[in-house]
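In case you want the letters, here they are:
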Amino acid sequence: MYIYCCFKHIELAFEEIIEEFEKAPLLGKIETKNKLSTTCKYCDLPATYVVSNECTHTEY
Ligand SMILES: [Zn+2]
């Protein structure tokens, strides 16, 4: 599970992952080249961060 979010909504994304999976989420930064097509889950700003529940390598 990946949640894309802007810098304002990192905490919301963290809470969502923690509630659903009951473990600490991972925070990653979205590469600039991918930014344009991705918007925050909680607002219309471009997503800058991706919060995931996966412990293995992240790909985005
Ligand atoms: Zn946002």
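Provided above is the structure to which this section pertains.
Residues numbered from 1 in each chain as written. Predicted model: local features only at pLDDT ≥ 70, side-chain atom pairs only at ≥ 80, totals over all residues.

**Student:** Describe the overall build of the protein chain, listing the residues and the values that go with them.
**Tutor:** From N to C terminus, the protein chain includes two helices and three strands. What you see in the protein chain, going N to C, is helices and strands ordered as β-α-β-α-β. A separation of at least 24 residues holds for 64% of the contacts in the protein chain among residues at least 6 apart in sequence. (Helix = DSSP H or I, 4+ residues; strand = E, 2+ residues; numbered from the N terminus. Contact = placed C-beta atoms within 7 Å.)

**Student:** Tell me about helix α1 (residues 10–21), and name the residues and values.
**Tutor:** Taking 1.5 Å per residue, twelve residues should reach 16 Å; α1 reaches 16 Å between its end C-alpha atoms and fits that length. Looking one or two residues past α1, E22 carries a phi angle of roughly 55 degrees, positive in sign. (Expected span 1.5 Å × (residues − 1).)

**Student:** Which residues make up the environment of I3, and what values do they have?
**Tutor:** In this structure, I3 sits in strand β1 (residues 2–5). Expressed as a C-alpha distance, the spacing of I3 and A47, which sit 44 residues apart in the sequence, is 9.3 Å. The contacts of I3, once residues within four sequence positions are left out, are A13, E16, I17, K41, V50 and V51.

**Student:** A description of the nonpolar core should follow, citing residues and the corresponding values.
**Tutor:** The tendency in soluble globular proteins is for nonpolar side chains to be buried as a group. If you look at the biggest cluster of nonpolar residues, it comprises nine residues: I3, Y4, C5, A13, I17, C40, A47, V50 and V51. Put simply, the parts of the chain that give this core at least two residues each are β1, α1 and β3 (49–52). Ignoring anything within four residues of it in the chain, the contact list for I17 reads M1, I3, P25, V51 and N53. (Core = buried A, V, L, I, M, F, W, Y, C linked by C-beta atoms within 7 Å. Buried ≥ 20, exposed ≤ 12 C-beta atoms within 10 Å, placed from the backbone.)

**Student:** How would you explain unusual backbone geometry if you had to name every residue and give the values?
**Tutor:** Residue E22 is not a glycine yet carries a positive backbone phi of 55 degrees. Turning to its location among the elements, E22 is positioned in the loop between α1 and β2 (26–29).

**Student:** Outline the sheet that holds β3, listing residues and values.
**Tutor:** Here we have three strands laid out as an open sheet, ordered β1-β3-β2, and antiparallel in their pairing. The sheet is open, and its two edges are formed by β1 and β2, each paired on a single side. Averaged over all pairs of adjacent strands, the angle between strand axes in this sheet comes to 25 degrees, irrespective of strand direction. Here β1 pairs with β3 via four bridges, running antiparallel. Bridge pairing in β3 links Y4 to V50. Across the sheet, α1 is in contact with β1, β2 and β3; its angle to β1 comes to roughly 165 degrees. (Pairing = 2+ DSSP bridges. Axes fitted to C-alpha atoms, helices over the stretch in contact; angles between N-to-C directions.)

Taken by themselves, the reported measurements are silent on function.
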